[in-house]
Amino acid sequence: MTDHCSLVQAQPPQVSGLAGIRAAASMTPSSYSPADNSIGVVWNTGAVMAQYGYYPDGNGGFIRGAYDVQLAMEPEAFDLSALNNHAPFLDNHAYDDKGMVNMTNRAVVGKVIPGTAQIIGGQGVARVTLSTAPGDADLVTKLITGIIANVSVGVKLLRTTRIDAPEDGRARPLFRADLSQPYEISAVPLGADRGAHT
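### A word on the pattern of salt bridges
For step 1, the next point in the chain: Taken as a whole, this structure holds five salt bridges when the rule is applied.
For step 2, the next point in the chain: Its salt-bridge partner being D138, residue K142 comes within 3.5 Å of it at the nearest N-O pair. Remark: D138 and K142 occur in helix α1 (residues 137-144); sequence separation between them is four residues, near one turn of the helix.
For step 3, the next point in the chain: Overall, the relative accessible area of 51% leaves D138 in the exposed class.
For step 4, the next point in the chain: Beyond isolated ion pairs, a larger network of salt bridges with shared partners links D68, R170 and R172.

In structure tokens:
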């Protein structure tokens, strides 16, 4: 799958139903600081995001198909310890040309500055230090000039609740992530949460 908001694992989750997602976000080029080569990011706004993968069927099993997820955006709904521990800032979730996750050191183009990942005003925000390596210069230039402005966050879903009802007439089930742990942020061409950006 090449979609940046695909489930993290390809097999049915073993714990809380939904294991993880990729959720779009954004960067704010006007927040670029040349003094420390960093940029501010909005990594999630709580938008409903389309996903595809395994989700709980309500009877102890799993269904593979399309569903929607919305991250609860209260501070207590997040474990930000992974983001605030130098989490990687990646080039497009480190997907290779076949759409498979290929997490290598070459995919890392920055890191989250510890202590900056937080929930403010219903948005997940952080500050990212960008790479100064010559091989990353093209991407970094596109980020600081706003040519690439979308970001996406990799999130482990630790506790979810199905919040749609049959009478809603929804085409896909809707889950709320009541507790989640973001673990990476990526620069992406297009994200699932249209409010996520640099």
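### Some words on the pairing of strand β5 (residues 88-91)
For step 1, the next point in the chain: Pairing between β5 and strand β6 (residues 108-112): three bridges, direction antiparallel. Its bridge partner being in β6, L90 is matched across the sheet by V108.
For step 2, the next point in the chain: Both β5 and strand β10 (residues 174-188) contribute to a ladder of three bridges, which runs parallel. When the sheet's bridge partners are listed, D91 is paired in β10 with A187.

### Some thoughts on unusual backbone geometry
The bulk of non-glycine residues show a negative phi, and the bulk of peptide bonds are trans.
For step 1, the next point in the chain: Its identity as a non-glycine residue notwithstanding, N37 has a phi of 55°, on the positive side.
For step 2, the next point in the chain: Examined against the element boundaries, N37 turns out to sit in the loop between β1 (20-33) and β2 (38-44).
For step 3, the next point in the chain: Phi at H86 takes a positive value of approximately 60°, unusual for a residue other than glycine.
For step 4, the next point in the chain: Residue position: H86 is located in the loop between β4 (62-71) and β5.

### Some details on the pairing of strand β3 (residues 49-56)
For step 1, the next point in the chain: Direction of pairing for β3 relative to β4: antiparallel, over a ladder of eight bridges. What sits directly across from P56, in β4, is F62.
For step 2, the next point in the chain: Here β3 hands over to β4 after five residues, with G58 in that stretch at a positive phi of 90°.

### Concerning the side chain of D164
For step 1, the next point in the chain: You can see D164 is positioned in the loop between β9 (150-162) and β10.
For step 2, the next point in the chain: A polar contact of 2.7 Å, which involves the side chain of D164, links it to the side chain of R162.
For step 3, the next point in the chain: There is a polar contact of 3.3 Å between the side chain of D164 and the backbone nitrogen of L174.
For step 4, the next point in the chain: Not counting residues up to four positions away in its chain, the partners in contact with D164 are R170, R172, P173 and L174.

### Some details on the packing of aromatic side chains
For step 1, the next point in the chain: Tallied over the full model, the rule gives four aromatic pairs.
For step 2, the next point in the chain: Relative to F78, the ring of W43 lies with its centre 5.5 Å away and its plane at 80°, an arrangement referred to as edge-to-face. One end of the pair, W43, is in strand β2; the other, F78, is in the loop between β4 and β5, with 35 residues separating them in the sequence. Taken as a pair, W43 and F78 share a single burial class, namely buried.
For step 3, the next point in the chain: Judged by centre distance (5.4 Å) and plane angle (55°), the rings of Y55 and Y67 are tilted. Taken together, the residues Y55 in strand β3 and Y67 in strand β4 connect sequence positions twelve residues apart.
For step 4, the next point in the chain: Judged by its relative accessible area of 0%, Y67 falls in the buried class.
For step 5, the next point in the chain: One aromatic cluster is present, built from ring pairs that chain together Y55, Y67 and F175.

### Points about the confidence of the model for the chain
For step 1, the next point in the chain: For the chain, mean pLDDT is 83; residues scoring 70 or higher make up 80% of the total.
For step 2, the next point in the chain: Confidence, read as mean pLDDT per element, is least for β1 in the chain (67) and greatest for strand β7 (residues 118-120) (97).

### With respect to α1
For step 1, the next point in the chain: Among the residues of α1, those classed as buried are L139, V140 and L143. Taken around the axis of α1, the buried residues stretch over an arc of 100°, which confines them to a single face.
For step 2, the next point in the chain: At the C-terminal side of α1, G146 shows a positive phi close to 85°.

Reading guide: rules and limits
Residues numbered from 1 in each chain as written. Predicted model: local features only at pLDDT ≥ 70, side-chain atom pairs only at ≥ 80, totals over all residues. Heavy atoms only, no water. Salt bridge = Lys/Arg side-chain N within 4 Å of Asp/Glu carboxyl O. Helix = DSSP H or I, 4+ residues; strand = E, 2+ residues; numbered from the N terminus. Buried < 20%, exposed > 50% of the residue type's maximum accessible area, 1.4 Å probe, protein only. Pairing = 2+ DSSP bridges. Polar contact = N/O pair within 3.5 Å; in protein donor to acceptor, adjacent residues only side chain to side chain. Contact = heavy atoms within 4.5 Å. Phe/Tyr/Trp six-rings, centres within 6.5 Å; stacked < 30°, edge-to-face > 60°. pLDDT = per-residue confidence, 0-100. Arc of directions from axis to C-beta.

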